[in-house]
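Chain by chain, the residues:
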Amino acid sequence: MSLLVDGVDTEVMSWALREFRGWLGEEEGEVWVVLDRAGWHVSPRVEVPEGVRLVFLPPYSPELQPVERVWPLVNEAVANRYFADLGALMEAVERRWLALQGDRELLRRHTLFHWWPGAKGSA
């Protein structure tokens, strides 16, 4: 499950959290979303759905956020390429993201830190 947007702000963040909660369903109970401290994550205007708990990483610690290691894999599809418009760029990113979703082993190698709880049993 993923959302591809062409911009971020508190409204988009609130929408994304509602979408995420909807995907999971009520039977999941409380879910935690781990975030950095981007302005649209920490704003008091973000609407957090019931059953979603936002957990913030310490400031200036992108190395603790596993998804930060995925962006270079996404960027491979668009680096040093010309796109006629935003739609073409978004299509290229979407194709790359769908390919990455299908390659769990590649994602695991980039995001499953050796010190992450339970990592030894999952890797």
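Residues numbered from 1 in each chain as written. Predicted model: local features only at pLDDT ≥ 70, side-chain atom pairs only at ≥ 80, totals over all residues. Heavy atoms only, no water.

Labelled according to an unreviewed UniProt entry, the protein appears under the name Tc1-like transposase DDE domain-containing protein, originating from Thermus tengchongensis.

Participant: Explain a nonpolar patch on the surface here, please?
Facilitator: The grouping of Leu 3, Val 5, Val 8, Trp 15, Trp 23 and Trp 40 at the surface amounts to a nonpolar patch, some 490 Å² of accessible area in total. Structurally, Val 5 is set in the segment before α1 (10-24). Relative accessible area serves as the criterion here: at 32%, Val 5 is assigned to the partly exposed category. (Patch = residues over 30% accessible without salt bridge, like charges linked within 9 Å, V, L, I, M, F, W, Y side chains within 5 Å. Areas by Shrake-Rupley, 256 points an atom, 1.4 Å probe, with all protein chains shown as cover. Salt bridge = Lys/Arg side-chain N within 4 Å of Asp/Glu carboxyl O. Helix = DSSP H or I, 4+ residues; strand = E, 2+ residues; numbered from the N terminus. Buried < 20%, exposed > 50% of the residue type's maximum accessible area, 1.4 Å probe, protein only.)

Participant: Where do I start with unusual backbone geometry in this structure?
Facilitator: Both trends apply: most residues other than glycine have a negative phi, and most peptide bonds are in trans. In this structure, Tyr 60 takes a positive phi of about 55 degrees despite not being glycine. Looking at where Tyr 60 falls in the secondary structure, it is placed in the loop between β2 (52-56) and α3 (71-75). Given the relative accessible area of 84%, Tyr 60 is considered exposed. Backbone geometry at Asn 80 places phi at a positive 60 degrees, although glycine is not the residue there.

Participant: In this structure, what is going on with the domain arrangement of the protein? I would like to understand it.
Facilitator: Size of an interface: often given as the accessible area lost when the parts come together. Taken as a whole, the protein is organised into domain 1 (7-58) and domain 2 (65-115). If you average the C-alpha positions of domain 1 and of domain 2, the two centres end up 22 Å apart. (Domains from an automatic or database assignment.)

Participant: Whenever I open this one, the packing of helix α4 (residues 86-101) against helix α5 (residues 104-111) confuses me. Can you help?
Facilitator: Two quantities define a packed helix pair, namely the angle between the axes and the distance from one axis to the other. In the contact formed by α4 and α5, the axes pass within 6 Å of each other and the chain directions differ by 90 degrees. On the basis of their axis angle, the class for α4 and α5 is roughly perpendicular. Every residue of α5 that contacts α4 at Arg 96, Leu 100 and Gln 101 is listed here: Arg 104, Leu 106 and Leu 107. Classifying every residue of the contact of α4 with α5 by side-chain character gives 3 nonpolar, 1 polar and 2 charged. (Axes fitted to C-alpha atoms, helices over the stretch in contact; angles between N-to-C directions. Parallel < 35°, antiparallel > 145°, perpendicular 65-115°, else oblique. Contact = heavy atoms within 4.5 Å. Nonpolar A, V, L, I, M, F, W, Y, C, P; charged D, E, K, R; others polar.)

Participant: Looking at this structure, how should I read the environment of Val 12?
Facilitator: Locating Val 12 in the fold gives a position in helix α1. In this structure Val 12 comes out as partly exposed when scored by relative accessible area, which is 25%. With residues near it in sequence (within four places) discarded, Val 12 still touches Val 5 and Gly 7.

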